[in-house]
Amino acid sequence: MPTIIAIDRAGQEHRLAADTGQSLMQVLRDNDLDVMAICGGCCSCATCHVYVADDWLTALDPQAPDERELVQDSPHFRAGPSRLSCQIPVTDRLDGLRVTLAPED
Ligand code: FES
């Protein structure tokens, strides 16, 4: 069971046990982190925006074009670390993944 390390908007660190097969968004939401995920994971709202720690960027699959376009529209977009957590499937190789919730748009 991978552990995800999530930093909330107050700067508090949370260590979350995640099931493989879930999306990162589901892990954050199920652990009561403040992720609205309005579209439910359909890649159409960007309210699941997170920043992935630099040393984890290469461990993730590349962004699909629709995710890239949507997250780039966020006023809090950062080239590189910005990802939509609903588009990141949890796998064992993401054990220790570190993300920070982006500010609400
Ligand atoms: S939950 Fe809507 S884009 Fe991720």
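Within an unreviewed UniProt entry, the label attached to the protein reads Ferredoxin, and the organism entered is Niveispirillum lacus. Recorded in UniProt for the protein, the comment headed Sequence similarities (unreviewed entry) runs: "Belongs to the adrenodoxin/putidaredoxin family."

Asks: I'm lost on the pairing of strand 5 (residues 98–101) in this one. Help?
Replies: Along a regular strand, successive side chains alternate from one face of the sheet to the other. With burial as the criterion, only one face of strand 5 is covered, namely that bearing Val 99 and Leu 101; the residues Arg 98 and Thr 100 on the opposite face remain uncovered. Sheet topology places strand 1 (residues 3–7) next to strand 5; three bridges connect them, and they run parallel. Considered in strand 5, the bridge of Ile 5 is made with Arg 98. The pairing of strand 3 (residues 49–52) with strand 5 spans three bridges and is classified as antiparallel.

Asks: What is the right way to look at the nonpolar core in this model?
Replies: Soluble globular proteins tend to pack their nonpolar side chains together in the buried interior. Core analysis: the biggest nonpolar cluster contains 29 residues, and Leu 24, Leu 28, Val 52 and Leu 97 have the highest contact counts within it. Elements represented by at least two residues in this core include exactly strand 1, helix 1 (24–30), strand 3 and strand 5. Ranked by residues supplied to this core, first place goes to helix 1 with four residues. Among all residues touching Val 52, those that are not within four sequence positions of it are Leu 57, Leu 60, Pro 81, Arg 83, Ile 88, Leu 97, Arg 98 and Val 99.

Asks: When you look at the side chain of Ser 82 in this model, what are you seeing that I'm missing?
Replies: The topology assignment puts Ser 82 in strand 4 (residues 82–84). Among the residues examined, Ser 82 registers a relative accessible area of 1% and is labelled buried. Sequence-distant contacts of Ser 82, that is, excluding residues within four places in its chain, are made with His 49, Val 50, Tyr 51, Gln 63, Val 71, His 76 and Phe 77.

Asks: Sorry if this is basic, but what is going on with the packing of aromatic side chains here?
Replies: Note on aromatic pairs: each is described by the distance of the centres and the angle between the planes. For the structure shown, the criterion picks out zero aromatic pairs. If you follow Arg 78 out to its NZ or CZ, it ends over the ring of Tyr 51, 3.7 Å from the centre.

Asks: What am I meant to see in the sheet that holds strand 4 here?
Replies: Within the open sheet, the five strands sit side by side as 2-1-5-3-4. Their pairing is mixed. The sheet is open, and its two borders are formed by strand 2 (13–17) and strand 4, each paired with just one other strand. Geometrically, the sheet is characterised by an average inter-axis angle of 35° between neighbouring strands, direction not taken into account. Judged from the three bridges that link them, strand 3 and strand 4 form a sheet pairing that is antiparallel.

Calculation notes
- Throughout, residues of each chain are indexed from 1 in the direction in which the sequence is written.
- Only residues with pLDDT of at least 70 are given local features in this predicted model, and only at 80 or more are side-chain atom pairs given and counted; all residues enter the totals for whole chains, interfaces and linings.
- Computation of side-chain values covers all heavy atoms of the structure but excludes hydrogens and water.
- UniProt positions are given in the numbering used here, feature names are shortened, and annotations may be inferred rather than shown by experiment.
- Relative accessibility decides the category of a residue: with a 1.4 Å probe and only protein chains considered, values under 20% of the type maximum give buried, values over 50% give exposed, and everything between is partly exposed.
- Secondary structure elements are defined from DSSP: runs of H or I of at least 4 residues count as helices, runs of E of at least 2 residues count as strands, and each element is numbered from the N terminus.
- Here the rule is simple: two strands pair whenever DSSP picks up at least two bridges between them.
- Each nonpolar core is a collection of buried residues, namely Ala, Val, Leu, Ile, Met, Phe, Trp, Tyr and Cys, held together in the definition by side-chain atoms within 4.5 Å.
- The criterion used for residue contact is that any of the two residues' heavy atoms lie within 4.5 Å.
- Here is the rule: rings of Phe, Tyr and Trp (six-membered ring for Trp) pair when centre to centre is within 6.5 Å. Planes less than 30 degrees apart are stacked, more than 60 are edge-to-face, and the remainder are tilted.
- Put simply, a charge is over a ring when the Lys NZ or the Arg CZ is close to the ring centre, within 6 Å, and near the line of the ring normal, within 35 degrees.
- Lines fitted to C-alpha atoms define the axes, with helix axes restricted to the stretch in contact, and inter-axis angles between N-to-C directions lie between 0 and 180 degrees.

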